[in-house]
Amino acid sequence: MVIVLLGPPGSGKGTQSLRLVKHLGIPHISTGEMLRAARKQNTAEARDIAEHIDSGRLVSDSLIMRLVEERLAGTDCEKGCLLDGVPRNTTQARMLDDLFHRRGWVLGHVVALDVPRTELVSRLVERAKVQGRTDDTPETVSRRMEIYEQETAPLLKYFTDQGTLKRVPAVGSPEEVFRRILAAIGGQAASCRCRE
Ligand code: AMP
(Lines give C-alpha, C1' and ligand atoms only; values in the text may rest on other atoms or scores of the structure.)
Protein backbone atom coordinates (compact mmCIF):
# COMPACT_ATOMS: atom_id res chain seq x y z
CA MET A 1 0.00 0.00 0.00
CA VAL A 2 1.16 3.48 -0.83
CA ILE A 3 0.61 6.45 1.48
CA VAL A 4 0.59 10.02 0.22
CA LEU A 5 1.28 12.98 2.48
CA LEU A 6 -0.20 16.25 1.23
CA GLY A 7 0.17 19.72 2.68
CA PRO A 8 1.18 23.29 1.90
CA PRO A 9 4.79 24.46 2.28
CA GLY A 10 5.60 24.61 6.00
CA SER A 11 2.90 22.12 7.05
CA GLY A 12 5.50 19.70 8.43
CA LYS A 13 5.35 17.12 5.62
CA GLY A 14 9.10 16.49 5.81
CA THR A 15 9.17 16.04 9.60
CA GLN A 16 6.09 13.83 9.70
CA SER A 17 7.27 11.77 6.71
CA LEU A 18 10.47 10.87 8.54
CA ARG A 19 8.54 9.73 11.60
CA LEU A 20 6.05 7.77 9.54
CA VAL A 21 8.57 5.86 7.44
CA LYS A 22 10.49 4.93 10.58
CA HIS A 23 7.31 3.70 12.23
CA LEU A 24 5.96 1.84 9.19
CA GLY A 25 9.29 0.55 7.86
CA ILE A 26 8.70 1.76 4.30
CA PRO A 27 10.86 4.00 2.05
CA HIS A 28 10.37 7.76 1.99
CA ILE A 29 10.04 9.14 -1.51
CA SER A 30 10.29 12.90 -1.48
CA THR A 31 10.24 14.53 -4.91
CA GLY A 32 11.65 17.75 -3.39
CA GLU A 33 14.66 15.80 -2.04
CA MET A 34 15.10 13.98 -5.36
CA LEU A 35 15.06 17.29 -7.23
CA ARG A 36 17.47 18.95 -4.78
CA ALA A 37 19.89 16.05 -5.45
CA ALA A 38 19.29 16.19 -9.22
CA ARG A 39 19.98 19.94 -9.44
CA LYS A 40 23.59 19.36 -8.36
CA GLN A 41 24.49 17.67 -11.69
CA ASN A 42 26.17 19.74 -14.36
CA THR A 43 23.49 19.28 -17.03
CA ALA A 44 20.88 21.40 -18.80
CA GLU A 45 18.16 19.45 -16.99
CA ALA A 46 19.77 20.20 -13.60
CA ARG A 47 19.89 23.91 -14.41
CA ASP A 48 16.24 23.83 -15.44
CA ILE A 49 15.31 22.08 -12.17
CA ALA A 50 17.28 24.64 -10.14
CA GLU A 51 15.52 27.53 -11.90
CA HIS A 52 12.11 26.06 -11.18
CA ILE A 53 12.85 25.32 -7.51
CA ASP A 54 14.42 28.72 -6.86
CA SER A 55 11.50 30.56 -8.41
CA GLY A 56 8.97 28.42 -6.52
CA ARG A 57 7.42 26.96 -9.69
CA LEU A 58 6.62 23.30 -10.26
CA VAL A 59 8.93 21.31 -12.53
CA SER A 60 7.28 19.49 -15.42
CA ASP A 61 4.88 16.64 -14.75
CA SER A 62 6.74 14.40 -17.19
CA LEU A 63 10.07 14.85 -15.37
CA ILE A 64 8.47 14.19 -11.99
CA MET A 65 6.71 11.08 -13.20
CA ARG A 66 9.92 9.77 -14.78
CA LEU A 67 11.81 10.23 -11.47
CA VAL A 68 8.98 8.71 -9.42
CA GLU A 69 8.48 5.76 -11.74
CA GLU A 70 12.22 4.98 -11.69
CA ARG A 71 12.32 5.23 -7.90
CA LEU A 72 9.22 3.08 -7.39
CA ALA A 73 10.83 0.34 -9.46
CA GLY A 74 13.32 -0.15 -6.59
CA THR A 75 12.94 -3.47 -4.77
CA ASP A 76 12.68 -1.60 -1.45
CA CYS A 77 9.31 -0.24 -2.64
CA GLU A 78 7.73 -3.67 -3.02
CA LYS A 79 6.11 -3.46 0.41
CA GLY A 80 4.85 0.07 -0.15
CA CYS A 81 6.21 3.55 0.30
CA LEU A 82 5.39 7.03 1.48
CA LEU A 83 5.07 9.69 -1.21
CA ASP A 84 5.95 13.17 0.03
CA GLY A 85 5.48 16.11 -2.35
CA VAL A 86 3.80 14.17 -5.13
CA PRO A 87 1.20 14.42 -6.61
CA ARG A 88 1.24 18.21 -6.76
CA ASN A 89 -1.63 18.65 -9.23
CA THR A 90 -4.45 16.61 -10.73
CA THR A 91 -2.39 15.69 -13.82
CA GLN A 92 0.23 14.04 -11.59
CA ALA A 93 -2.54 12.36 -9.54
CA ARG A 94 -4.00 10.83 -12.72
CA MET A 95 -0.53 9.76 -13.92
CA LEU A 96 0.09 8.10 -10.54
CA ASP A 97 -3.30 6.37 -10.64
CA ASP A 98 -2.31 5.00 -14.03
CA LEU A 99 1.11 3.85 -12.76
CA PHE A 100 -0.43 2.14 -9.72
CA HIS A 101 -3.02 0.49 -11.92
CA ARG A 102 -0.32 -0.88 -14.25
CA ARG A 103 1.61 -2.22 -11.26
CA GLY A 104 -1.43 -3.59 -9.43
CA TRP A 105 -0.73 -1.30 -6.47
CA VAL A 106 -3.25 0.21 -4.09
CA LEU A 107 -3.24 3.83 -2.98
CA GLY A 108 -4.08 3.30 0.67
CA HIS A 109 -4.28 6.61 2.44
CA VAL A 110 -3.88 10.21 1.46
CA VAL A 111 -3.15 12.27 4.55
CA ALA A 112 -3.62 16.04 4.22
CA LEU A 113 -1.96 18.20 6.86
CA ASP A 114 -4.12 21.24 7.70
CA VAL A 115 -2.39 24.35 9.05
CA PRO A 116 -3.75 27.94 9.16
CA ARG A 117 -1.94 30.22 6.69
CA THR A 118 -0.62 32.64 9.36
CA GLU A 119 1.04 29.73 11.17
CA LEU A 120 2.58 28.49 7.88
CA VAL A 121 4.17 31.85 7.17
CA SER A 122 5.78 32.09 10.60
CA ARG A 123 7.07 28.50 10.36
CA LEU A 124 8.63 29.21 6.96
CA VAL A 125 10.33 32.35 8.22
CA GLU A 126 11.85 30.24 11.03
CA ARG A 127 12.84 27.45 8.60
CA ALA A 128 14.60 29.97 6.34
CA LYS A 129 16.83 30.95 9.28
CA VAL A 130 17.65 27.39 10.30
CA GLN A 131 17.87 25.41 7.03
CA GLY A 132 18.82 28.09 4.49
CA ARG A 133 16.78 26.49 1.67
CA THR A 134 17.17 28.46 -1.58
CA ASP A 135 13.38 28.52 -2.02
CA ASP A 136 12.47 29.92 1.41
CA THR A 137 12.84 33.60 0.44
CA PRO A 138 9.69 35.73 1.01
CA GLU A 139 8.92 36.07 -2.74
CA THR A 140 9.40 32.36 -3.44
CA VAL A 141 7.40 31.34 -0.38
CA SER A 142 4.46 33.44 -1.50
CA ARG A 143 4.62 31.98 -5.03
CA ARG A 144 4.76 28.44 -3.59
CA MET A 145 1.70 29.20 -1.44
CA GLU A 146 -0.17 30.50 -4.50
CA ILE A 147 0.77 27.42 -6.51
CA TYR A 148 -0.35 25.22 -3.64
CA GLU A 149 -3.76 26.94 -3.59
CA GLN A 150 -4.20 26.83 -7.36
CA GLU A 151 -2.71 23.48 -8.28
CA THR A 152 -2.39 21.26 -5.22
CA ALA A 153 -5.42 22.18 -3.08
CA PRO A 154 -7.83 20.83 -5.76
CA LEU A 155 -6.38 17.40 -4.92
CA LEU A 156 -8.29 17.54 -1.63
CA LYS A 157 -11.51 17.18 -3.61
CA TYR A 158 -9.93 14.67 -6.00
CA PHE A 159 -8.97 12.33 -3.15
CA THR A 160 -12.19 12.97 -1.20
CA ASP A 161 -14.07 11.78 -4.28
CA GLN A 162 -11.77 8.73 -4.43
CA GLY A 163 -12.53 8.04 -0.75
CA THR A 164 -8.87 7.98 0.31
CA LEU A 165 -8.48 11.40 1.98
CA LYS A 166 -7.85 11.80 5.73
CA ARG A 167 -7.53 15.39 6.96
CA VAL A 168 -5.34 15.92 10.01
CA PRO A 169 -4.97 19.19 11.94
CA ALA A 170 -1.20 19.74 11.87
CA VAL A 171 -0.89 22.23 14.71
CA GLY A 172 0.57 21.46 18.13
CA SER A 173 3.75 19.50 18.79
CA PRO A 174 5.21 17.21 16.10
CA GLU A 175 4.47 14.29 18.46
CA GLU A 176 0.77 15.24 18.71
CA VAL A 177 0.49 15.62 14.95
CA PHE A 178 2.20 12.26 14.45
CA ARG A 179 -0.28 10.56 16.80
CA ARG A 180 -3.18 12.10 14.88
CA ILE A 181 -1.75 10.83 11.60
CA LEU A 182 -1.35 7.32 12.98
CA ALA A 183 -4.90 7.38 14.28
CA ALA A 184 -6.12 8.54 10.86
CA ILE A 185 -4.42 5.71 8.97
CA GLY A 186 -4.97 2.94 11.46
CA GLY A 187 -1.28 3.07 12.39
CA GLN A 188 -0.28 -0.49 11.65
CA ALA A 189 2.87 -1.35 9.76
CA ALA A 190 1.28 -4.67 8.84
CA SER A 191 -1.41 -2.97 6.77
CA CYS A 192 1.21 -1.32 4.60
CA ARG A 193 1.50 -3.64 1.60
CA CYS A 194 1.66 -2.75 -2.07
CA ARG A 195 -0.53 -5.55 -3.34
CA GLU A 196 -3.83 -6.42 -1.81
P1 AMP B 1 9.24 20.38 -1.57
O2 AMP B 1 10.53 19.94 -0.93
O3 AMP B 1 8.25 19.25 -1.69
O4 AMP B 1 8.66 21.60 -0.89
O5 AMP B 1 9.57 20.80 -3.07
C6 AMP B 1 10.48 21.86 -3.36
C7 AMP B 1 10.31 22.29 -4.82
O8 AMP B 1 10.59 21.17 -5.69
C9 AMP B 1 8.90 22.72 -5.21
O10 AMP B 1 8.64 24.09 -4.89
C11 AMP B 1 8.94 22.49 -6.72
O12 AMP B 1 9.70 23.48 -7.39
C13 AMP B 1 9.71 21.18 -6.81
N14 AMP B 1 8.82 20.00 -6.71
C15 AMP B 1 8.80 19.08 -5.71
N16 AMP B 1 7.90 18.12 -5.94
C17 AMP B 1 7.32 18.43 -7.12
C18 AMP B 1 6.30 17.83 -7.92
N19 AMP B 1 5.66 16.71 -7.52
N20 AMP B 1 5.97 18.43 -9.08
C21 AMP B 1 6.59 19.53 -9.52
N22 AMP B 1 7.55 20.17 -8.81
C23 AMP B 1 7.93 19.62 -7.63
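A. Looking closely at the layout of surface pockets. As a volume, the largest pocket reaches approximately 1,100 Å³. Counting residues per element, the ones that place at least two in the lining of the largest pocket are strand 1 (2-6), helix 1 (13-24), strand 2 (28-30), helix 2 (31-38), helix 3 (44-55), helix 6 (117-131), helix 7 (138-152) and helix 9 (174-185). Taken together, the residues of the lining of the largest pocket break down into 19 nonpolar, 19 polar and 12 charged. Of the voids in this model, the second largest pocket is the one considered here, and its volume is about 150 Å³. As for the second largest pocket, its lining consists of 14 residues, and the residues nearest its centre are Pro8, Val115, Leu120, Tyr148 and Glu149. Looking at the lining of the second largest pocket, the elements that each hand over two or more residues are strand 4 (107-114), helix 6 and helix 7. Residues belonging to the lining of the second largest pocket are distributed by class as follows: 10 nonpolar, no polar and 4 charged.

B. Molecular detail of helix 3. Given a rise of 1.5 Å per residue, 12 residues ought to cover 16 Å, and the 17 Å separating the end C-alpha atoms of helix 3 matches this to within 8%. Listed in full, the buried residues belonging to helix 3 are Ala46, Ile49, Ala50, His52, Ile53 and Ser55. Residues of helix 3 that are buried in the fold lie against helix 2, helix 4 (61-72) and helix 7. Looking one or two residues past helix 3, Gly56 carries a phi angle of roughly 80 degrees, positive in sign.

C. Fine view of the site of the ligand. Around the ligand, 17 residues are found, and the nearest of them are Thr31, Arg57, Gly85, Arg88 and Gln92. The contact in question runs from an oxygen atom of the ligand to an N or O atom on the side chain of Arg36, over 3.0 Å. Arg57 is positioned such that a nitrogen or oxygen atom in its backbone is 2.6 Å from an oxygen atom of the ligand. In isolation the ligand offers 480 Å² of accessible surface; the protein chains occlude 96% of this area. A majority-of-atoms criterion places the ligand in the largest pocket. Among the elements of the structure, helix 2 and helix 3 are those that each provide at least two residues to the shell around the ligand. Per-element accounting of the shell around the ligand gives the leading share, 4 residues, to helix 2.

D. Inspection of helix 2 at higher detail. Every buried residue of helix 2 is accounted for by Thr31, Leu35 and Ala38. Relative to the axis of helix 2, the buried residues are bounded by an arc of 60 degrees and lie together on one face. Looking at the buried positions of helix 2, the neighbouring elements they touch are strand 2, helix 3, helix 4 and strand 3 (81-84).

E. Representation of the side chain of Thr31 within the structure. Within the fold, Thr31 resides in helix 2. Setting aside its immediate chain neighbours within four residues, Thr31 contacts Ile64, Val68, Asp84, Gly85, Val86 and Arg88.

Procedures and definitions
Residues numbered from 1 in each chain as written. Predicted model: local features only at pLDDT ≥ 70, side-chain atom pairs only at ≥ 80, totals over all residues. Heavy atoms only, no water. 1 Å grid on protein atoms, 1.4 Å probe; cavity = no way out; pocket = protein on both sides within 12 Å on 5 of 7 lines; lining within 4 Å. Points joined across faces, edges and corners; volume = space filled by probe spheres on them. Helix = DSSP H or I, 4+ residues; strand = E, 2+ residues; numbered from the N terminus. Nonpolar A, V, L, I, M, F, W, Y, C, P; charged D, E, K, R; others polar. Expected span 1.5 Å × (residues − 1). Buried < 20%, exposed > 50% of the residue type's maximum accessible area, 1.4 Å probe, protein only. Contact = heavy atoms within 4.5 Å. Near = heavy atom within 4 Å. Polar contact = N/O pair within 3.5 Å; in protein donor to acceptor, adjacent residues only side chain to side chain. Areas by Shrake-Rupley, 256 points an atom, 1.4 Å probe, with all protein chains shown as cover. Sits in = over half its atoms within 2 Å of the grid points. Arc of directions from axis to C-beta.

So, to be careful, I would describe these as geometric facts and stop short of saying anything about function.
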